[in-house]
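If you want the building blocks of each chain, they are given just below.
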Amino acid sequence: MRIVSTVLLMPVPAGIILLVSAMASQFTPPTRAQQLAAIGLTTALPQPLQRALEPRDDFQPILEPEPSDWLRNHIELGQTFDQFTRSRPNRPDNHRRKLYLQPLGRFNGSDAPSLDQLRRFTAAFFMMEVVVLPPADWAQNRITSRQNPWTGQEQFLTGDILKALQTRLPNDAFALLGITMTDLYPEPSWNFVFGQASPRDRVGVYSFARYDPKFYGQRPTVDTRKLMLLRSCKVLAHETCHMFGIEHCVWFRCLMNGSNHLAESDARPLHLCPVDLRKLQWSIGVDVVERYRRLLDFHRDAGFEDEARWLEKRLRFIAAPNGGRNTR
Ligand SMILES: [Zn+2]
Ligand SMILES: [Zn+2]
(Lines give C-alpha, C1' and ligand atoms only; values in the text may rest on other atoms or scores of the structure.)
(Ligands and ions follow the chains in the order given, each with its own letter.)
Protein backbone atom coordinates (compact mmCIF):
# COMPACT_ATOMS: atom_id res chain seq x y z
CA MET A 1 0.00 0.00 0.00
CA ARG A 2 1.45 3.36 -0.96
CA ILE A 3 1.06 5.71 1.97
CA VAL A 4 1.40 9.45 1.76
CA SER A 5 1.86 11.16 5.09
CA THR A 6 0.37 14.58 5.01
CA VAL A 7 1.81 16.82 7.67
CA LEU A 8 4.17 16.37 10.56
CA LEU A 9 4.76 19.07 13.11
CA MET A 10 7.30 19.62 15.83
CA PRO A 11 8.20 18.62 18.50
CA VAL A 12 9.38 15.41 16.91
CA PRO A 13 12.00 12.80 17.71
CA ALA A 14 15.58 13.75 16.83
CA GLY A 15 15.80 11.46 13.79
CA ILE A 16 12.90 13.20 12.10
CA ILE A 17 14.26 16.67 12.74
CA LEU A 18 17.47 15.53 11.03
CA LEU A 19 15.49 14.19 8.11
CA VAL A 20 13.63 17.46 7.73
CA SER A 21 16.73 19.64 7.92
CA ALA A 22 18.54 17.39 5.46
CA MET A 23 15.79 18.12 2.97
CA ALA A 24 15.89 21.89 3.45
CA SER A 25 15.47 23.42 0.03
CA GLN A 26 15.71 26.77 -1.67
CA PHE A 27 12.46 27.64 -3.33
CA THR A 28 12.18 30.29 -6.02
CA PRO A 29 8.66 31.60 -6.68
CA PRO A 30 7.60 30.96 -10.29
CA THR A 31 7.52 33.67 -12.95
CA ARG A 32 4.28 34.60 -14.73
CA ALA A 33 5.46 32.63 -17.78
CA GLN A 34 6.00 29.54 -15.61
CA GLN A 35 2.55 29.95 -14.05
CA LEU A 36 0.92 30.19 -17.49
CA ALA A 37 2.92 27.19 -18.76
CA ALA A 38 1.70 25.17 -15.76
CA ILE A 39 -1.92 26.03 -16.65
CA GLY A 40 -1.24 25.00 -20.26
CA LEU A 41 -2.92 26.04 -23.51
CA THR A 42 -6.58 26.86 -22.98
CA THR A 43 -7.61 28.17 -26.41
CA ALA A 44 -9.56 25.02 -27.34
CA LEU A 45 -11.64 25.13 -24.14
CA PRO A 46 -15.18 26.56 -23.86
CA GLN A 47 -15.21 30.31 -23.10
CA PRO A 48 -16.37 30.21 -19.46
CA LEU A 49 -13.70 27.64 -18.60
CA GLN A 50 -11.02 29.60 -20.46
CA ARG A 51 -11.91 32.68 -18.43
CA ALA A 52 -12.02 30.73 -15.15
CA LEU A 53 -8.43 29.68 -15.88
CA GLU A 54 -7.21 33.23 -16.56
CA PRO A 55 -5.30 34.26 -13.45
CA ARG A 56 -5.40 38.08 -13.86
CA ASP A 57 -4.42 39.40 -10.42
CA ASP A 58 -7.10 37.43 -8.57
CA PHE A 59 -4.68 34.72 -7.46
CA GLN A 60 -1.99 35.77 -5.01
CA PRO A 61 1.63 34.92 -5.83
CA ILE A 62 3.32 32.32 -3.68
CA LEU A 63 5.78 34.04 -1.35
CA GLU A 64 9.36 33.27 -0.37
CA PRO A 65 8.95 30.67 2.39
CA GLU A 66 10.01 31.32 6.01
CA PRO A 67 12.42 28.82 7.65
CA SER A 68 9.65 26.78 9.28
CA ASP A 69 7.40 26.75 6.17
CA TRP A 70 6.66 23.73 4.02
CA LEU A 71 8.66 24.81 0.98
CA ARG A 72 11.83 25.38 3.02
CA ASN A 73 11.62 21.85 4.37
CA HIS A 74 10.29 19.84 1.45
CA ILE A 75 11.47 19.68 -2.12
CA GLU A 76 8.44 20.29 -4.34
CA LEU A 77 9.04 20.32 -8.09
CA GLY A 78 5.46 21.30 -8.87
CA GLN A 79 2.95 19.45 -11.02
CA THR A 80 1.77 21.14 -14.19
CA PHE A 81 -1.64 20.37 -15.72
CA ASP A 82 0.05 18.32 -18.45
CA GLN A 83 2.10 16.34 -15.95
CA PHE A 84 -1.07 15.67 -13.99
CA THR A 85 -2.99 14.23 -16.95
CA ARG A 86 0.02 12.15 -18.01
CA SER A 87 0.18 10.59 -14.51
CA ARG A 88 -3.12 8.79 -15.29
CA PRO A 89 -4.72 9.68 -11.95
CA ASN A 90 -7.83 8.05 -10.51
CA ARG A 91 -11.00 9.67 -11.87
CA PRO A 92 -14.61 9.18 -10.86
CA ASP A 93 -16.63 7.15 -13.38
CA ASN A 94 -20.17 5.81 -13.68
CA HIS A 95 -19.51 3.18 -11.03
CA ARG A 96 -17.17 4.94 -8.63
CA ARG A 97 -18.89 8.26 -8.38
CA LYS A 98 -19.54 9.07 -4.70
CA LEU A 99 -17.43 10.44 -1.88
CA TYR A 100 -18.01 8.85 1.50
CA LEU A 101 -17.20 10.51 4.82
CA GLN A 102 -16.71 8.12 7.72
CA PRO A 103 -16.87 9.85 11.14
CA LEU A 104 -14.58 8.06 13.57
CA GLY A 105 -15.21 8.52 17.29
CA ARG A 106 -17.09 11.37 18.93
CA PHE A 107 -18.37 14.06 16.55
CA ASN A 108 -21.07 15.83 18.49
CA GLY A 109 -19.22 18.15 20.88
CA SER A 110 -19.58 21.92 20.67
CA ASP A 111 -16.07 22.04 19.17
CA ALA A 112 -16.72 19.59 16.31
CA PRO A 113 -17.64 20.90 12.85
CA SER A 114 -21.16 20.03 11.70
CA LEU A 115 -21.14 16.84 9.63
CA ASP A 116 -23.97 18.17 7.51
CA GLN A 117 -22.04 21.36 6.70
CA LEU A 118 -18.95 19.30 5.84
CA ARG A 119 -21.09 17.15 3.56
CA ARG A 120 -22.62 20.19 1.83
CA PHE A 121 -19.24 21.83 1.36
CA THR A 122 -17.60 18.68 -0.03
CA ALA A 123 -20.53 18.12 -2.41
CA ALA A 124 -20.21 21.69 -3.76
CA PHE A 125 -16.42 21.62 -3.99
CA PHE A 126 -16.25 18.34 -5.91
CA MET A 127 -19.72 18.48 -7.49
CA MET A 128 -20.23 14.87 -6.45
CA GLU A 129 -22.71 13.09 -4.24
CA VAL A 130 -21.31 12.94 -0.71
CA VAL A 131 -22.57 10.39 1.81
CA VAL A 132 -21.91 10.63 5.56
CA LEU A 133 -21.74 7.09 6.96
CA PRO A 134 -23.00 6.24 10.46
CA PRO A 135 -20.28 6.57 13.11
CA ALA A 136 -17.87 3.62 13.06
CA ASP A 137 -17.56 1.17 15.93
CA TRP A 138 -13.94 1.38 17.01
CA ALA A 139 -14.01 -1.68 19.21
CA GLN A 140 -14.73 -4.01 16.26
CA ASN A 141 -11.82 -2.71 14.24
CA ARG A 142 -9.07 -3.09 16.84
CA ILE A 143 -7.62 0.35 16.25
CA THR A 144 -4.41 0.80 18.24
CA SER A 145 -4.38 3.87 20.45
CA ARG A 146 -2.02 5.53 22.93
CA GLN A 147 -1.69 8.53 25.19
CA ASN A 148 0.58 11.04 23.41
CA PRO A 149 3.68 11.42 25.62
CA TRP A 150 3.88 15.19 24.93
CA THR A 151 0.23 16.25 25.12
CA GLY A 152 -1.21 13.45 27.28
CA GLN A 153 -4.13 13.24 24.81
CA GLU A 154 -5.49 10.06 23.23
CA GLN A 155 -4.30 9.26 19.68
CA PHE A 156 -5.20 6.60 17.12
CA LEU A 157 -2.74 4.78 14.87
CA THR A 158 -3.41 5.78 11.25
CA GLY A 159 -2.27 2.50 9.65
CA ASP A 160 -4.95 0.54 11.51
CA ILE A 161 -7.62 3.03 10.43
CA LEU A 162 -6.56 2.90 6.75
CA LYS A 163 -6.70 -0.91 6.81
CA ALA A 164 -10.16 -0.83 8.37
CA LEU A 165 -11.36 1.74 5.81
CA GLN A 166 -10.11 -0.41 2.91
CA THR A 167 -12.35 -3.28 4.04
CA ARG A 168 -15.33 -0.90 4.10
CA LEU A 169 -14.83 0.85 0.75
CA PRO A 170 -18.33 0.87 -0.83
CA ASN A 171 -18.59 -0.37 -4.44
CA ASP A 172 -19.72 3.01 -5.74
CA ALA A 173 -17.11 5.00 -3.76
CA PHE A 174 -14.57 7.14 -5.54
CA ALA A 175 -12.97 7.57 -2.11
CA LEU A 176 -13.70 6.86 1.54
CA LEU A 177 -12.43 9.51 3.93
CA GLY A 178 -12.22 8.94 7.66
CA ILE A 179 -12.65 12.11 9.72
CA THR A 180 -12.09 12.35 13.44
CA MET A 181 -11.79 14.78 16.33
CA THR A 182 -9.19 12.47 17.92
CA ASP A 183 -5.50 13.12 17.34
CA LEU A 184 -3.55 10.69 15.10
CA TYR A 185 -0.04 9.19 14.91
CA PRO A 186 1.52 7.17 12.07
CA GLU A 187 4.02 5.14 14.12
CA PRO A 188 5.24 5.05 17.72
CA SER A 189 8.33 7.22 17.12
CA TRP A 190 6.27 10.08 15.67
CA ASN A 191 4.56 12.82 17.65
CA PHE A 192 1.49 13.08 15.43
CA VAL A 193 0.13 13.58 11.92
CA PHE A 194 -2.83 15.70 10.77
CA GLY A 195 -3.73 12.88 8.43
CA GLN A 196 -2.56 10.09 6.20
CA ALA A 197 -3.87 8.79 2.90
CA SER A 198 -3.36 6.06 0.40
CA PRO A 199 -4.65 7.64 -2.83
CA ARG A 200 -4.24 4.54 -4.98
CA ASP A 201 -6.37 2.61 -2.45
CA ARG A 202 -8.77 5.58 -2.34
CA VAL A 203 -8.82 5.83 1.46
CA GLY A 204 -7.58 8.49 3.85
CA VAL A 205 -8.04 9.63 7.42
CA TYR A 206 -7.85 13.20 8.74
CA SER A 207 -8.01 14.60 12.22
CA PHE A 208 -9.48 17.99 13.05
CA ALA A 209 -8.22 17.80 16.69
CA ARG A 210 -5.35 20.22 16.20
CA TYR A 211 -7.52 22.78 14.39
CA ASP A 212 -9.43 23.34 17.64
CA PRO A 213 -8.05 26.30 19.66
CA LYS A 214 -8.84 24.26 22.79
CA PHE A 215 -6.13 21.78 21.80
CA TYR A 216 -3.59 24.53 22.50
CA GLY A 217 -5.26 25.62 25.73
CA GLN A 218 -6.92 28.66 24.12
CA ARG A 219 -10.38 29.70 25.25
CA PRO A 220 -13.16 29.37 22.69
CA THR A 221 -14.57 32.63 21.31
CA VAL A 222 -17.72 33.45 19.34
CA ASP A 223 -15.79 32.71 16.15
CA THR A 224 -14.31 29.37 17.25
CA ARG A 225 -16.95 27.24 15.60
CA LYS A 226 -16.70 29.11 12.30
CA LEU A 227 -12.91 28.83 12.43
CA MET A 228 -13.15 25.07 13.09
CA LEU A 229 -15.50 24.65 10.14
CA LEU A 230 -13.24 26.72 7.85
CA ARG A 231 -10.12 24.78 8.85
CA SER A 232 -11.95 21.46 8.54
CA CYS A 233 -13.29 22.36 5.07
CA LYS A 234 -9.76 23.30 3.99
CA VAL A 235 -8.14 20.09 5.14
CA LEU A 236 -10.96 17.96 3.76
CA ALA A 237 -10.81 19.61 0.31
CA HIS A 238 -6.97 19.61 0.24
CA GLU A 239 -6.71 15.94 1.16
CA THR A 240 -9.54 14.89 -1.13
CA CYS A 241 -7.79 16.66 -4.03
CA HIS A 242 -4.78 14.41 -3.30
CA MET A 243 -7.19 11.47 -3.87
CA PHE A 244 -7.62 12.79 -7.42
CA GLY A 245 -3.83 12.74 -7.88
CA ILE A 246 -3.44 16.51 -7.49
CA GLU A 247 -0.07 17.17 -5.88
CA HIS A 248 1.14 20.14 -3.84
CA CYS A 249 0.99 23.47 -5.61
CA VAL A 250 4.00 25.73 -6.11
CA TRP A 251 2.39 28.05 -8.70
CA PHE A 252 0.15 30.40 -6.69
CA ARG A 253 -1.19 30.74 -3.18
CA CYS A 254 -3.63 27.90 -3.35
CA LEU A 255 -5.57 25.37 -1.30
CA MET A 256 -3.05 22.80 -2.55
CA ASN A 257 0.02 24.49 -1.04
CA GLY A 258 1.81 22.20 1.41
CA SER A 259 1.58 23.21 5.05
CA ASN A 260 3.99 22.63 7.90
CA HIS A 261 2.13 24.41 10.70
CA LEU A 262 -1.22 25.84 11.64
CA ALA A 263 -0.41 29.43 10.60
CA GLU A 264 0.59 28.17 7.16
CA SER A 265 -2.65 26.17 6.85
CA ASP A 266 -4.64 29.22 7.91
CA ALA A 267 -2.89 31.35 5.27
CA ARG A 268 -4.00 29.03 2.44
CA PRO A 269 -7.13 30.12 0.60
CA LEU A 270 -10.12 27.79 0.35
CA HIS A 271 -10.01 27.94 -3.47
CA LEU A 272 -7.84 26.30 -6.10
CA CYS A 273 -5.46 28.22 -8.35
CA PRO A 274 -6.06 27.97 -12.14
CA VAL A 275 -3.58 25.08 -12.50
CA ASP A 276 -5.36 22.95 -9.91
CA LEU A 277 -8.84 24.11 -10.88
CA ARG A 278 -8.10 22.83 -14.38
CA LYS A 279 -6.97 19.47 -12.96
CA LEU A 280 -10.13 19.07 -10.89
CA GLN A 281 -12.34 20.19 -13.79
CA TRP A 282 -10.62 17.65 -16.07
CA SER A 283 -11.23 14.88 -13.48
CA ILE A 284 -14.87 15.60 -12.76
CA GLY A 285 -15.90 17.39 -15.95
CA VAL A 286 -18.10 19.99 -14.30
CA ASP A 287 -19.41 23.42 -15.21
CA VAL A 288 -17.02 25.70 -13.34
CA VAL A 289 -19.58 28.51 -13.09
CA GLU A 290 -22.19 26.24 -11.53
CA ARG A 291 -19.55 24.93 -9.13
CA TYR A 292 -18.57 28.48 -8.07
CA ARG A 293 -22.25 29.36 -7.56
CA ARG A 294 -22.82 26.39 -5.28
CA LEU A 295 -19.69 27.18 -3.32
CA LEU A 296 -20.77 30.81 -3.04
CA ASP A 297 -24.10 29.73 -1.50
CA PHE A 298 -22.23 27.60 0.99
CA HIS A 299 -19.70 30.30 1.89
CA ARG A 300 -22.46 32.85 2.46
CA ASP A 301 -24.35 30.45 4.75
CA ALA A 302 -21.18 29.52 6.63
CA GLY A 303 -20.11 33.16 7.06
CA PHE A 304 -16.88 32.71 5.04
CA GLU A 305 -17.05 36.35 3.91
CA ASP A 306 -13.59 36.65 2.32
CA GLU A 307 -14.05 33.55 0.19
CA ALA A 308 -17.58 34.63 -0.77
CA ARG A 309 -16.29 38.05 -1.95
CA TRP A 310 -13.52 36.35 -3.94
CA LEU A 311 -16.01 34.03 -5.66
CA GLU A 312 -18.36 36.94 -6.46
CA LYS A 313 -15.46 38.77 -8.13
CA ARG A 314 -14.42 35.75 -10.18
CA LEU A 315 -18.00 35.04 -11.23
CA ARG A 316 -18.39 38.66 -12.41
CA PHE A 317 -15.23 38.34 -14.49
CA ILE A 318 -16.22 34.99 -15.99
CA ALA A 319 -19.65 36.39 -16.92
CA ALA A 320 -18.35 39.68 -18.36
CA PRO A 321 -14.64 39.48 -19.12
CA ASN A 322 -14.48 42.91 -20.73
CA GLY A 323 -16.54 44.61 -18.07
CA GLY A 324 -13.77 44.61 -15.51
CA ARG A 325 -10.82 46.96 -15.38
CA ASN A 326 -8.29 44.14 -15.43
CA THR A 327 -8.13 42.84 -18.96
CA ARG A 328 -4.70 41.23 -18.75
ZN1 LIG B 1 -1.08 17.81 1.09
ZN1 LIG C 1 -2.62 25.49 -7.06
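In this numbering scheme, every chain counts its residues from 1 along its sequence in written order. Chains and ligands are labelled by the order in which they are written, letters from A for the one and numbers from 1 for the other. Local features are withheld for residues below a pLDDT of 70 in this predicted model, meaning they are given only at 70 or higher, and side-chain atom pairs are given and counted only at 80 or more; totals for whole chains, interfaces and linings count all residues. Side-chain measures were taken over the full set of non-hydrogen atoms in the model, leaving aside hydrogen atoms and water.

Some points on the pattern of salt bridges
For clarity, the cut-off: A pair is scored as a salt bridge if a Lys or Arg side-chain nitrogen falls within 4 Å of a carboxyl oxygen belonging to Asp or Glu. Comment: elements are numbered from the N terminus, with helices defined as DSSP H or I runs of at least four residues and strands as E runs of at least two. Buried, partly exposed and exposed residues are distinguished by accessible area as a fraction of the type maximum, computed with a 1.4 Å probe on protein chains only: under 20%, between the cut-offs, and over 50%, respectively.
Summed over all chains, the structure comprises 14 salt bridges. Arg231 is the salt-bridge partner of Asp266, the closest N and O atoms lying 2.8 Å from each other. With a gap of 35 residues between them, Asp266 in helix α10 (residues 262-267) and Arg231 in helix α9 (residues 224-243) connect regions that are remote in the sequence. The exposure class of Asp266 is partly exposed, given its relative accessible area of 32%. One salt-bridge network, in which partners are shared between bridges, spans Arg56, Asp58, Lys313 and Arg314.

Observations regarding the packing of aromatic side chains
Where we set the bar: Centres within 6.5 Å make a pair out of two Phe, Tyr or Trp rings, where for Trp the six-membered ring is used; the pair is then stacked when the planes are under 30 degrees apart, edge-to-face when over 60, and tilted otherwise. Charge over a ring is defined by NZ of Lys or CZ of Arg lying within 6 Å of the ring centre and within 35 degrees of the ring normal.
Tallied over the entire structure, the rule returns 13 aromatic pairs. Between Phe121 and Phe125, the ring centres sit 5.6 Å apart and the planes meet at 45°, which makes this aromatic pair tilted. A residue pair is termed a helical-turn pair when its members lie 3 or 4 positions apart in one helix, as Phe121 and Phe125 do in helix α6 (residues 115-126) at four residues. A ring pair is formed by Tyr292 and Trp310, whose centres lie 6.1 Å apart and whose planes are at 85°; its orientation type is edge-to-face. With Tyr292 in helix α12 (residues 288-302) and Trp310 in helix α13 (residues 305-319), the pair connects residues that are 18 residues apart, well separated along the chain. As far as the burial class goes, Tyr292 and Trp310 line up, both buried. Each member of the aromatic cluster is reached from another via a ring pair, and the members are Phe121, Phe125, Phe126, Phe174, Phe244, Phe298 and Phe304. Positioned above the aromatic ring of Tyr185, the side-chain terminus of Arg146 is 3.9 Å from the ring centre. The positively charged end of Arg278 is found above the aromatic ring belonging to Phe81, 4.1 Å away from the centroid.

These figures capture arrangement, not role.
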